[in-house]
Amino acid sequence: MTDAANALPGTEQNHIDRRRYPHGIAFMDGQYLPVSQAKVSVLDYGFLHSDATYDTAHVWEGRFFRLNLHLDRFWRSVERLRMKLPYSRDEVEEILHNCVALSGHKSAYVEMICTRGSSPTFSRDPRQAENRFIAFAVPFGSVASKEQLERGLHVSISGTIRISPKSVDPSIKNYHWLDLVMGLFDAYDAGGETALVLDANGNIAEGPGFNVFIVRDGALRTPAFGVLPGITRRSVFDLCAEIGLPAKAADVSPAELRAADEVFITSTAGGIMPVTRVDAAPIAGGCVGPITRRMIDMYWQKHRDPAWSMPVAHV
Ligand code: PLP
């Protein structure tokens, strides 16, 4: 733990929690504290009703990646849910930098959250709730393990239908994850390592914390309907534009996914990650395909490009 983090309140009693929580720094109710001590009230509607929005950015080798895009999406989500952040955008940005700097992590997973909060009278009227802002930085994590990144993930298509975009707008990043979690259990039961769930029309939607792309005849496609427009997904479009590869957002059926030349998934948690098996069928002969490899290389190179990344400010 860094000296700065050791100076935070309560750190000295942290020896039990440290075994259960990754090391990190949170900002909550106006103060920085070890992530193990950042605790939300059971009366917060973020907990009781999943009435919250969030965004996850990342820092790689000391640099935030496309932080402005994450802040744009977070701000849009907060406004659409009719919440009010108690901090300006510049202040939130500073808090995120501080969490990373205090944590001492060179590569971090950085989450910003706004919950509905609670009202002093426990009113059920959401307009009376005092919204709560929380942020934290913990070590960088990935959807895929090192081995899975090298040999490609084995994905299973779950019969679970993604929550309808007519009920919960998927472009507002949210914690309505029961469909995704049950999809994961379906996938594990079927021998897969992670899941893809379907949209209401039976097409592929997305997975627990990631979007999906297929490559067919040199062109890329990712589902358009009922998905979170991921920042990593957007990065793939930007990379394709740079090198003149055709890419579009449009329906992808399970049959098209299985017949694809290449498949990969995208998430802030891991970047661009190859898929080499869908259910029982190998993709690209069970090897990571050339376009996927090129996308992965370009994506990580951009982490040093000042147009795509910025250094973490020291406290
Ligand atoms: N889809 C869902 C449901 C997600 O929760 C996430 C990220 O957490 C993504 C897609 C990928 O989005 P991003 O690339 O912005 O991390």
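Each remark here, short or long, concerns the structure printed above.
Below is a summary of the structure that appears in this document.

Reading the values: the criteria
- Residues numbered from 1 in each chain as written.
- Predicted model: local features only at pLDDT ≥ 70, side-chain atom pairs only at ≥ 80, totals over all residues.
- Heavy atoms only, no water.
- Near = heavy atom within 4 Å.
- Polar contact = N/O pair within 3.5 Å; in protein donor to acceptor, adjacent residues only side chain to side chain.
- Areas by Shrake-Rupley, 256 points an atom, 1.4 Å probe, with all protein chains shown as cover.
- Helix = DSSP H or I, 4+ residues; strand = E, 2+ residues; numbered from the N terminus.
- Nonpolar A, V, L, I, M, F, W, Y, C, P; charged D, E, K, R; others polar.
- Buried < 20%, exposed > 50% of the residue type's maximum accessible area, 1.4 Å probe, protein only.
- Contact = heavy atoms within 4.5 Å.
- Salt bridge = Lys/Arg side-chain N within 4 Å of Asp/Glu carboxyl O.
- Pairing = 2+ DSSP bridges.
- Axes fitted to C-alpha atoms, helices over the stretch in contact; angles between N-to-C directions.
- Parallel < 35°, antiparallel > 145°, perpendicular 65-115°, else oblique.

1. Observations regarding the site of the ligand
Around the ligand lies a shell of 16 residues, among which K173, E206, I231, T232 and T268 are the nearest. Between an oxygen atom of the ligand and a side-chain N or O atom of K173, the distance comes to 2.5 Å. Within the side chain of T232, an N or O atom sits 2.6 Å from an oxygen atom of the ligand. Contact with the protein chains hides 95% of the accessible area of the ligand, taken as 390 Å² for the molecule alone. For the shell around the ligand, the secondary-structure elements that each account for two or more residues are helix 7 (231–243) and strand 12 (262–267). Of the residues in the shell around the ligand, the class split is 5 nonpolar, 7 polar and 4 charged.

2. A closer look at the environment of C240
Tracing the backbone shows C240 in helix 7. The buried category is assigned to C240, whose relative accessible area is 1%. Sequence separation between C240 and S253 is 13 residues, and the spatial gap between their C-alpha atoms is 22 Å. With near-sequence residues (within four places) excluded, C240 lies in contact with L220, L245, A247 and M295.

3. Side note on the pattern of salt bridges
It is possible for side chains bearing opposite charge to pair when their charged atoms get close. Counted by the stated rule, this structure contains 19 salt bridges. In this structure, D238 engages R234 in a salt bridge whose closest nitrogen and oxygen atoms are separated by 3.2 Å. Here R234 and D238 lie together in helix 7, a separation of 4 residues that amounts to about one turn. One salt bridge in this structure joins R258 and D279, with 2.9 Å as the shortest N-O distance. One end of the pair, R258, is in helix 8 (residues 254–258); the other, D279, is in the loop between strand 13 (271–278) and strand 14 (281–282), with 21 residues separating them in the sequence. Look at R258 and you get partly exposed, because its relative accessible area is 37%. Here the salt bridges do not stand alone but share partners, grouping D29, D44 and R132 into one network.

4. A few points about the sheet that holds strand 5 (residues 108–118)
An order of 2-1-6-5-3-4-15 is seen for the 7 strands of this open sheet, with the pairing classed as antiparallel. Since the sheet does not close on itself, it has two edges, and those belong to strand 2 (31–34) and strand 15 (309–311), each with one partner. Ignoring which end each strand starts from, the neighbouring axes of this sheet average 25° apart. In this sheet, strand 5 lies alongside strand 3 (residues 52–60) in antiparallel orientation, the contact comprising 8 bridges. Pairing of D55 across the sheet is with M112, part of strand 5. Against the sheet, helix 4 (residues 89–103) touches strand 1 (25–28), strand 2, strand 3, strand 4 (63–65), strand 5, strand 6 (130–139) and strand 15, its axis set at about 35° to strand 6.

5. Concerning the packing of helix 7 against helix 9 (residues 290–301)
Axis separation between helix 7 and helix 9 bottoms out at 10 Å; the angle between their running directions is 100°. Accordingly, the angle class assigned to the pair helix 7 and helix 9 is roughly perpendicular. Contacts from T232, S235, V236, L239, C240, E242 and I243 of helix 7 reach helix 9 at R294, M295, M298 and Y299. Within the contact of helix 7 with helix 9, the residues separate by chemical class into 7 nonpolar, 2 polar and 2 charged.

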